Amino acid sequence: MTGFLAATWPWVKAAHVIFVIFWMAGLFILPRYLVHHQEALGDPAQAKAWAEREEKLRKVILTPSLIVVWVLGLLLAVNIGLFDGAPNLGWLHAKLLLVLLLTGYHGWAVAYSKRLSTGEGTIAPARLRMLNEVPAIFVALIVILAVVRPF
């Protein structure tokens, strides 16, 4: 199936990058929302407002972007020979692993958001702030793999 995207390749790649940006914007802001939400648990009105913000972020940006990123990313990967045994795709395998882990982080953040909505904040605020940096580390590594293709 290598090369099946033909002339649409640059358009699919552009759309993939655009939706990665949307997804990352959501993943950069959601953990900050979680910190504020957790700190607001003592005030039911504020906690409810944070829960509503998080739900809108999930429904409008995070979930749709994640789906489009995966669909377009897999199309691009198949197009360059992921399943055809094409050589020199070690960078792509590493990138896919990191994207899978980042998707797991996304799932954790969404689940924690839902837990906070029920009043269950179990992570220390300092640790929650540190977890806020996870997407930045992953996206830096993913971009390096995609652009430099070191192996």
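Anything mentioned here points back to the structure above.
Computed from a prediction, not measured in an experiment: that's the story for all the values here.

1. Quick look at the packing of helix H3 (residues 90–117) against helix H5 (residues 134–148)
- At a closest axis distance of 9 Å, the pairing of H3 and H5 adopts a crossing angle of 160°. Between H3 and H5, the angle is such that the two are roughly antiparallel. When the axes of H3 and H5 are compared, the crossing they make is left-handed. Between H3, through Trp91, Ala94, Lys95, Leu98, Val99, Leu101, Leu102 and Tyr105, and H5, the contact on the second element is made entirely by Val134, Pro135, Phe138, Leu141, Ile142, Leu145 and Ala146.
- Broken down by class, the residue content of the contact of H3 with H5 amounts to 14 nonpolar, no polar and one charged.

2. Things to note about a nonpolar patch on the surface
- A surface patch of nonpolar side chains, about 520 Å² in accessible area, is lined by Val17, Ile18, Ile21, Phe22, Val60 and Ile61.
- Listed by contribution, the elements that provide at least two residues to the nonpolar patch are helix H1 (9–39) and helix H2 (44–79).
- For the nonpolar patch, the element with the highest residue contribution is H1, accounting for four residues.
- Inspection of the secondary structure assignment puts phenylalanine 22 in helix H1.
- Given a relative accessible area of 40%, phenylalanine 22 falls into the partly exposed group.

3. So, the packing of aromatic side chains
- Summed over the entire model, instances satisfying the criterion amount to four aromatic pairs.
- When the ring of phenylalanine 19 is compared with that of phenylalanine 22, the centres are 5.3 Å apart and the planes differ by 80°; the resulting orientation is edge-to-face. Here the residue phenylalanine 19 and the residue phenylalanine 22 both occupy positions in helix H1, the gap between them amounting to three residues, near one helical turn.
- Of the residues examined, phenylalanine 19 reaches a relative accessible area of 26% and is grouped as partly exposed.
- Residues tyrosine 105 and tryptophan 108 carry aromatic rings whose centres are separated by 5.7 Å and whose planes lie at 35° to one another, so their mutual orientation is tilted. Taken together, the residues span about one helical turn, with tyrosine 105 and tryptophan 108 both in helix H3 at a distance of three residues.

Conventions we followed
- Residues numbered from 1 in each chain as written.
- Predicted model: local features only at pLDDT ≥ 70, side-chain atom pairs only at ≥ 80, totals over all residues.
- Heavy atoms only, no water.
- Axes fitted to C-alpha atoms, helices over the stretch in contact; angles between N-to-C directions.
- Helix = DSSP H or I, 4+ residues; strand = E, 2+ residues; numbered from the N terminus.
- Parallel < 35°, antiparallel > 145°, perpendicular 65-115°, else oblique.
- Left-handed = near helix turned anticlockwise from the far one by under 90°.
- Contact = heavy atoms within 4.5 Å.
- Nonpolar A, V, L, I, M, F, W, Y, C, P; charged D, E, K, R; others polar.
- Patch = residues over 30% accessible without salt bridge, like charges linked within 9 Å, V, L, I, M, F, W, Y side chains within 5 Å.
- Areas by Shrake-Rupley, 256 points an atom, 1.4 Å probe, with all protein chains shown as cover.
- Salt bridge = Lys/Arg side-chain N within 4 Å of Asp/Glu carboxyl O.
- Buried < 20%, exposed > 50% of the residue type's maximum accessible area, 1.4 Å probe, protein only.
- Phe/Tyr/Trp six-rings, centres within 6.5 Å; stacked < 30°, edge-to-face > 60°.

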